[in-house]
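Structural description and commentary
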Amino acid sequence: LGAIIFRDLPLLTSIAGLSNNTDSIGAINIDSTALTNLNGLSGIVRITNGIFFGLRIAHTPITSLSSLNNLSIVNGYIILDDDTAITSIGLNNLTQCSGFLFANLPNLSSIAGLSHQLTNTNISTFWMMSTGLTNLLGLDSLTGSSNFYIWGNANLTSLHGLENLTGNINGGISVWNNNALVDIS
């Protein structure tokens, strides 16, 4: 199956009708809908053709991605943007992903387990921008990244979770406007 794109559908509340035997999809882009969950995509194991993003969820009232609990491989980035209802990620079975770009998720309080199954622990990038996180536990299996940005996380008190990052971070590190940050060990 190619990409699924649901965009500018403010009354769309369910995609449960998509439930079938599809386990592989090109990409998923859901933007500006009324979806509160991703029921209907629970059989997806692989996202195969993400040139930039493999999975993108933006401007929705979704609270978690736990409906995608079978998702293992994302060729491309997981992008979550401006989803104010998300409190946790719920993707604990990822074995492959290019990176994580999370922005404007003020109620995101946990990314626990996000990187624990990854076999590619050296990812392209991760962004944690304007989240509700207090630490970065969930990224603790990462050993490398080309660059990372940690910006504007009002509750972030520690970078705990990044202890295993080693080597060259050629694209740089940017930690900015995390006013509660007291510990970078």
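Residues numbered from 1 in each chain as written. Predicted model: local features only at pLDDT ≥ 70, side-chain atom pairs only at ≥ 80, totals over all residues. Heavy atoms only, no water.

1. Considering the pairing of strand E5 (residues 53-58)
The cut-off we apply is this: Classification of residues uses two cut-offs on accessible area relative to the type maximum, computed with a 1.4 Å probe and protein chains only: under 20% is buried, over 50% is exposed, and between them is partly exposed. Helix numbering and strand numbering both begin at the N terminus, where a helix is a DSSP run of H or I of at least 4 residues and a strand a DSSP run of E of at least 2. Strands pair, by our definition, only if DSSP identifies at least two bridges between them.
Among the six residues in E5, five count as buried, and that is most of the element. The pairing of strand E3 (residues 28-33) with E5 spans four bridges and is classified as parallel. The residue bridging asparagine 29 from the neighbouring strand is arginine 56, located in E5. Note: E5 against strand E6 (residues 73-81), five bridges, orientation parallel. Within E6, the residue paired with isoleucine 57 across the bridge is leucine 80.

2. Quick notes on the environment of serine 110
Quick note on the threshold: Throughout, a residue-residue contact means that at least one pair of heavy atoms, one from each residue, lies within 4.5 Å. Within 3.5 Å is the distance limit for a polar contact, defined as a pair of N or O atoms, with the added protein rule that one can donate a hydrogen and the other accept it, and that residues adjacent in sequence qualify only through two side-chain atoms.
By secondary structure assignment, the location of serine 110 is in the loop between strand E7 (96-105) and strand E8 (122-131). On a C-alpha basis, the gap between serine 110 and aspartate 83 in space is 14 Å, while along the polypeptide they are 27 residues apart. Every residue in contact with serine 110, bar those within four places of it in the chain, is listed here: Thr87, Ser88, Ile89 and Leu133. A polar contact of 3.1 Å, which involves the side chain of serine 110, links it to the backbone nitrogen of alanine 112.

3. With respect to the pattern of salt bridges
Our working definition: Any carboxyl oxygen of Asp or Glu within 4 Å of a side-chain nitrogen of Lys or Arg constitutes a salt bridge here.
Tallied over the entire structure, the rule returns four salt bridges. One salt bridge in this structure joins arginine 7 and aspartate 8, with 3.9 Å as the shortest N-O distance. We classify aspartate 8 as exposed; its relative accessible area is 54%. Between arginine 7 and aspartate 31 there is a salt bridge, with the nearest N and O atoms lying 3.4 Å from each other.

4. What about the packing of aromatic side chains?
Inclusion rule: Centres within 6.5 Å make a pair out of two Phe, Tyr or Trp rings, where for Trp the six-membered ring is used; the pair is then stacked when the planes are under 30 degrees apart, edge-to-face when over 60, and tilted otherwise.
Throughout the structure, instances matching the rule amount to five aromatic pairs. Arranged with centres 5.4 Å apart and planes meeting at 85°, the rings of tyrosine 149 and tryptophan 151 form a pair that is edge-to-face. Residue class for tryptophan 151 comes out partly exposed when judged on its relative accessible area of 30%. Centre to centre, the rings of tryptophan 151 and tryptophan 176 are 5.7 Å apart; their planes meet at 80°, and the pair counts as edge-to-face. Placement of tryptophan 151 in strand E9 (residues 144-151) and of tryptophan 176 in strand E10 (residues 172-176) is noted, with a sequence separation of 25 residues between them. We classify tryptophan 176 as exposed; its relative accessible area is 53%. What links up through ring pairs into an aromatic cluster is the set Trp127, Tyr149, Trp151 and Trp176.

5. Describing the nonpolar core
Test applied: Residues belong to one nonpolar core when they are buried, are Ala, Val, Leu, Ile, Met, Phe, Trp, Tyr or Cys, and are joined through side-chain atoms within 4.5 Å.
Counting residues in each nonpolar core, the largest one holds 46 residues, and the members touching the most others are Leu55, Ile78, Leu91, Phe100, Phe102, Phe126 and Leu139. Counting residues per element, this core draws most heavily on E7, at four residues. Look past the residues within four positions of phenylalanine 100 in its chain and what remains in contact with it is Tyr77, Ile78, Leu94, Leu114, Leu118, Ile123, Thr125, Phe126, Trp127, Met128 and Leu139.

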